[in-house]
Amino acid sequence: IQYTYHLIEKGKLPTGIKKIPQTGFAANGIRFTYYKIHEFLYGTQSIKQEWVDFLHAVFQQFKDTQSSTTKAKFSTKPKAYDADLKQMKR
């Protein structure tokens, strides 16, 4: 969460990042969650590259994904996203 605060407040990646290992949430769900935050803060006209870089720097799950792919699919909502969120709220 501190990494996310830093990204929002400073507009850049924090230093000394320790990657978060595999989570119980799919990479496409993480990506879309950060898209929704980005959308709320900045709108949808232009995706800030540092947000894509952030996902790759912080989450181990993005290690086999190209940055360009993450950016291209940033706003793509995963099919099971709403069901996954409901499951997490339990």
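The structure we're discussing is the one just above.
Now for a quick tour of the structure.

## Here's the deal with the nonpolar core
- Counting 16 residues, the largest nonpolar core has Ile30, Tyr34, Phe54, Leu55, Phe59 and Phe74 as the members making the most contacts within it.
- Listed by contribution, the elements that provide at least two residues to this core are α2 (27-42) and α3 (49-58).
- Examining the composition of this core, we find that five residues originate from one element, α3, more than from any other.
- Ignoring anything within four residues of it in the chain, the contact list for Phe54 reads Tyr3, Thr4, Leu7, Leu13, Pro14, Tyr34 and Phe59.

## Brief notes about the packing of aromatic side chains
- Across all of its chains, the model carries nine aromatic pairs by this definition.
- Note on Phe25 and Tyr81: the rings are 6.2 Å apart at their centroids and 50° apart in plane angle, and the pair reads as tilted. Remark: Tyr81 occurs in helix α5 (residues 81-89) and Phe25 occurs in the loop between α1 (2-10) and α2; sequence separation between them is 56 residues.
- Its relative accessible area of 14% is what places Phe25 among the buried residues.
- Under the relative-accessibility criterion, Tyr81 is labelled buried at 7%.
- Each member of the aromatic cluster is reached from another via a ring pair, and the members are Tyr34, Tyr42, Trp51, Phe54, Phe59 and Phe62.
- The positively charged end of Lys48 is found above the aromatic ring belonging to Tyr42, 4.6 Å away from the centroid.

About the cut-offs
Position numbers for residues count from 1 along each chain, tracking the sequence in the order it is written. Two thresholds apply to this predicted model, a pLDDT of at least 70 for residue-level local features and 80 or more for giving and counting side-chain atom pairs, whereas whole-chain, interface and lining totals are computed over all residues. Hydrogens and water molecules were not included; the side-chain quantities draw on all heavy atoms of the structure. What is meant by a nonpolar core is a set of buried Ala, Val, Leu, Ile, Met, Phe, Trp, Tyr and Cys residues, joined one to another through side-chain atoms within 4.5 Å. The classification of residues rests on relative accessible area computed with a 1.4 Å probe and restricted to protein chains. Under 20% of the type maximum is buried, over 50% is exposed, and intermediate values are partly exposed. Numbered from the N terminus, helices here are DSSP runs of H or I no shorter than four residues, and strands are runs of E no shorter than two. Any pair of residues with heavy atoms lying within 4.5 Å of one another is described as a contacting pair. Only centres within 6.5 Å qualify two rings of Phe, Tyr or Trp (six-membered ring in Trp) as a pair; their planes then separate them into stacked at under 30 degrees, edge-to-face at over 60, and tilted for everything else. Whether a charge sits over a ring depends on NZ of Lys or CZ of Arg being within 6 Å of the ring centre and within 35 degrees of the ring normal.

That is the geometry; function is a separate question.
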